[in-house]
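Per-entry structural report
Given next are the chains, with one letter for each unit.
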Amino acid sequence: MLKYHPKHDRMWDAWIVSHTNQFHLFHLQTRISDGEADPKGWGHAVSTDLLRWQELSPVMPPTGTEGDRLYRYTGCTVAENDRFFTFSTRRNGRGDQSIGLSLSDDLFNWTDCMDSVLTPDPALFLASPLPGWSNIDCRDMTIYPLEHGYCGYFAAVEAEKTHSGVIGAALSDDLVHWHSQKIVYRAPPGSIVEMPEVFPFDGRFVLIFLTGQSYGRIEPDEPFFCRMTGMAFADTPLGPFTEDRSAEYLLTGPPESGYSCRTVMVNGKRRVLYVDP
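A brief structural summary. (Residues numbered from 1 in each chain as written. Predicted model: local features only at pLDDT ≥ 70, side-chain atom pairs only at ≥ 80, totals over all residues. Heavy atoms only, no water.)

1. Examining the nonpolar core
The biggest cluster of nonpolar side chains holds 32 residues, and the ones touching the most others in it are I16, F23, L25, F26, L50, W53 and W110. Elements supplying a minimum of two residues to this core: β1 (10–19), β2 (22–33), β4 (42–47), β6 (71–80) and β18 (259–266). In terms of residues, this core owes the most to one element, β1, which gives 6 residues. Not counting chain neighbours up to four residues away, the residues in contact with L50 comprise I16, F23, V264, V266 and R271. Of all hydrophobic cores here, the second largest spans 21 residues; its members include V78, F125, A170 and L175. (Core = buried A, V, L, I, M, F, W, Y, C linked by side-chain atoms within 4.5 Å. Buried < 20%, exposed > 50% of the residue type's maximum accessible area, 1.4 Å probe, protein only. Helix = DSSP H or I, 4+ residues; strand = E, 2+ residues; numbered from the N terminus. Contact = heavy atoms within 4.5 Å.)

2. As for a nonpolar patch on the surface
A grouping of L250, V272 and Y274 is seen on the molecular surface, where their side chains present a nonpolar patch of about 210 Å² in accessible area. By the element assignment, L250 lies in strand β17 (residues 249–253). Overall, L250 belongs to the partly exposed group, its relative accessible area being 33%. (Patch = residues over 30% accessible without salt bridge, like charges linked within 9 Å, V, L, I, M, F, W, Y side chains within 5 Å. Areas by Shrake-Rupley, 256 points an atom, 1.4 Å probe, with all protein chains shown as cover. Salt bridge = Lys/Arg side-chain N within 4 Å of Asp/Glu carboxyl O.)

3. Side note on the pattern of salt bridges
Counted by the stated rule, this structure contains 7 salt bridges. Here R139 and E194 are joined by a salt bridge, their closest N and O atoms 2.9 Å apart. Pair noted here: R139 is in strand β10 (residues 139–145) and E194 is in strand β14 (residues 194–201), with a separation of 55 residues, a long-range link. Since its relative accessible area comes to 5%, R139 is described here as buried. When salt bridges that share partners are traced, they join R72, R90 and D112 into one network.

4. Let's talk about the packing of aromatic side chains
For the structure on display, the rule yields 10 aromatic pairs. Aromatic side chains F26 and W110 sit 6.0 Å apart centroid to centroid with 85° between the ring planes, which places their arrangement in the edge-to-face category. Separated by 84 residues along the polypeptide, F26 in strand β2 and W110 in strand β9 (residues 110–118) bring together distant segments of the chain. Here F26 matches W110 in class, with each residue buried. The ring of F233 carries the charged tip of R204 above its face, separated from the ring centre by 4.2 Å. (Phe/Tyr/Trp six-rings, centres within 6.5 Å; stacked < 30°, edge-to-face > 60°. Lys NZ or Arg CZ within 6 Å of the ring centre and 35° of its normal.)

5. A closer look at the pairing of strand β19 (residues 269–275)
By the bridge criterion, 6 bridges tie β18 to β19 in an arrangement that is antiparallel. Across the sheet, residue M265 finds its bridge partner in β19, namely R270. Linking two consecutive strands that pair antiparallel, namely β18 and β19, is a turn of 2 residues; a positive phi of about 50° is found at N267 within it. (Pairing = 2+ DSSP bridges.)

6. Quick word on unusual backbone geometry
Backbone geometry follows two general trends: most residues other than glycine have a negative phi, and most peptide bonds adopt the trans configuration. Backbone torsion omega between G239 and P240 reads 0°, so that peptide bond is classified as cis. With respect to the helices, strands and loops of the structure, P240 is situated in the loop between β16 (227–234) and β17. Phi at N21 takes a positive value of approximately 65°, unusual for a residue other than glycine. On the secondary structure map, N21 appears in the loop between β1 and β2. Take N21: its relative accessible area is 73%, and that puts it in the exposed class. You will see that D82, though not glycine, has its phi angle at about 60°, which is positive. Its location among the elements puts D82 in the loop between β6 and β7 (83–91). The class of D82 is exposed, set by a relative accessible area of 73%.

7. Notes on the side chain of S164
Relative to the assigned elements, S164 resides in the loop between β11 (150–157) and β12 (165–172). The residues touching S164, leaving out its near neighbours within four places in the chain, are A156, V157, E158, A187, P188, P189, G190 and S191.

8. What about the side chain of S104?
With respect to the helices and strands, the residue S104 is situated in strand β8 (residues 97–104). Within polar-contact distance, the side chain of S104 engages the backbone nitrogen of D106 at 3.1 Å. For S104, the side chain forms a polar contact with the main-chain nitrogen of L107, separated by 2.8 Å. The contact partners of S104, leaving out residues within four places of it in the chain, are R83, F84, N109 and W110. (Polar contact = N/O pair within 3.5 Å; in protein donor to acceptor, adjacent residues only side chain to side chain.)

Right under this line is the structure:
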């Protein structure tokens, strides 16, 4: 195993897309200066084998003015009809989240298409801030191709009951217009989930997600479960996904290890990549 790290920056959530015999890694990054975080654009690196990486220039820096700056956070990149669609979490000055869309023909030069292709349905998801919680959750979108169209998964908070974290899903025919939102996974009461991904495995569909004690999950009570990649299972990509006590967790680690997990297919095998700051 060989770890990649940008030369001058701290990195965290990351995702990968393959193109012309290369893997393109995009990741969140920030430069630490005098103890203050200075968010930058997405980090970008390429590899032919997932082991040896070439660091490239960042792409998509923040836009806007101070106090209402638009940052592009975690998402995914999908190739379709010789174009690349990147869905990223957009945050305004207050921190409200929505899913935005950027387009590219080459993975190096990007143009914002829409700042909000998806916002949470208020009938299902919390769409206005709670006391003590000053922003709206709608983030970390990933895409699974269906037989007809696409399913997009995102992290949000349920509108009713315990206001616990959930994974929502929406459908699209063209990767631009999204509809039919639903909840496909509910976290235990009081806990939050992030970074979803869905893929088929052994006759079922697997949902992986970031959670842990630092996200309000009180079980299991073990020191290496501060952050972890959990798993849930369903018979279809539209859920509902439920946890299996015999296979609850994919990765665990101490507070700064083994989380923000995404997968990529290589020669017919699924590889797992995770962030280990």
